[in-house]
Amino acid sequence: HAYTPLTVQRAIAAGARCIEHGHLMDDATAGLMAEKNIWLSMQPFLSDADSVPLTGPSRTRQLQVFAGTDGTYALARKHGLRTAFGSDLLFSPVLAMRQGTMLTHLARWYTAPEVLAMATATNAELLGLSGPRNPYPGKLGVIETGAFADLLLVDGNPLENITLMQDPGRNLLLIMKDGRIHKDALGLAAAK
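Residues numbered from 1 in each chain as written. Predicted model: local features only at pLDDT ≥ 70, side-chain atom pairs only at ≥ 80, totals over all residues. Heavy atoms only, no water.

Asks: Could you clarify how one ought to interpret the side chain of T29 in this entry?
Replies: By the secondary structure assignment, T29 is in helix α2 (residues 27–36). A polar contact is formed between the side chain of T29 and the side chain of D26, at a distance of 2.5 Å. (Helix = DSSP H or I, 4+ residues; strand = E, 2+ residues; numbered from the N terminus. Polar contact = N/O pair within 3.5 Å; in protein donor to acceptor, adjacent residues only side chain to side chain.)

What follows is the structure, encoded as structure tokens:
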């Protein structure tokens, strides 16, 4: 977890292969990340709605992060950084419900297909660096025998309207993980 150019550069020098956050990095640091093929796992924090409210000096830093988000994504695009969709919001039930909205924030810098790929196949590729702890040691991103059967059926076309991902409760009609159905609003499992 590093935000400033100095902390990002220290992490790279220490052998880190992925930088979490990086919201305050500069052009030279982004260039170093590109040169060393270092991943960036970032959250599109834009306002108070995207995070837990902070006070005092932490609030000052939080506002810097909000202000730095746009520039860091621009640097990631400029330098072709391998960028993952990260989230630190797992421990707040209220903010966890906003992950779909935060995903749609990425449309400021990426196309809808790029956003969807980042949150799925690209994130899985990053997790593949986990070695023996890799949660996805099989084929990803394809529908074929032997591949992970992870599928989402969306009510609409998120390639044309990424905001469909803001309301997964309404717009995700089918959720399948490892071939097991976890949500079936269409009754497909009963039709077997």
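Asks: What's the story with the pattern of salt bridges in this structure? I'm lost.
Replies: When the charged atoms of two side chains lie near each other, side chains of opposite charge can form a pair. Enumeration according to the criterion identifies eight salt bridges in this entry. The partner of K78 in a salt bridge is D27, with the nearest N and O atoms 2.7 Å apart. With K78 in helix α3 (residues 56–79) and D27 in helix α2, this residue pair connects regions lying 51 residues apart in the sequence. By relative accessible area, which is 57% here, K78 ends up exposed. Its relative accessible area of 34% is what places D27 among the partly exposed residues. Here the residues in one salt-bridge network are D150, K177 and D178, joined through shared partners. (Salt bridge = Lys/Arg side-chain N within 4 Å of Asp/Glu carboxyl O. Buried < 20%, exposed > 50% of the residue type's maximum accessible area, 1.4 Å probe, protein only.)

Asks: Just to check I follow, could you spell out the packing of aromatic side chains for this structure?
Replies: One pair of aromatic rings is described through two measures. These are the centre distance and the angle between the planes. One pass over the structure, following the stated rule, counts two aromatic pairs. Seen from their ring centres, Y73 and W109 are 4.4 Å apart, and the 20° between their planes marks the pair as stacked. You can see Y73 sitting in helix α3 and its partner W109 sitting in the loop between α5 (99–105) and α6 (112–127), a full 36 residues away along the chain. The same class applies to Y73 and to W109, which are both buried. Judged by centre distance (6.0 Å) and plane angle (85°), the ring pair of Y73 and Y110 falls under edge-to-face. Taken together, the positions of Y73 in helix α3 and Y110 in the loop between α5 and α6 put the pair 37 residues apart, joining distant regions of the chain. Look at Y73 and you get buried, because its relative accessible area is 0%. Classification of Y110 as buried rests on a relative accessible area of 10%. An aromatic cluster is built from Y73, W109 and Y110, whose rings are joined through pairwise contacts. (Phe/Tyr/Trp six-rings, centres within 6.5 Å; stacked < 30°, edge-to-face > 60°.)

Read these as spatial facts, not as claims about activity.
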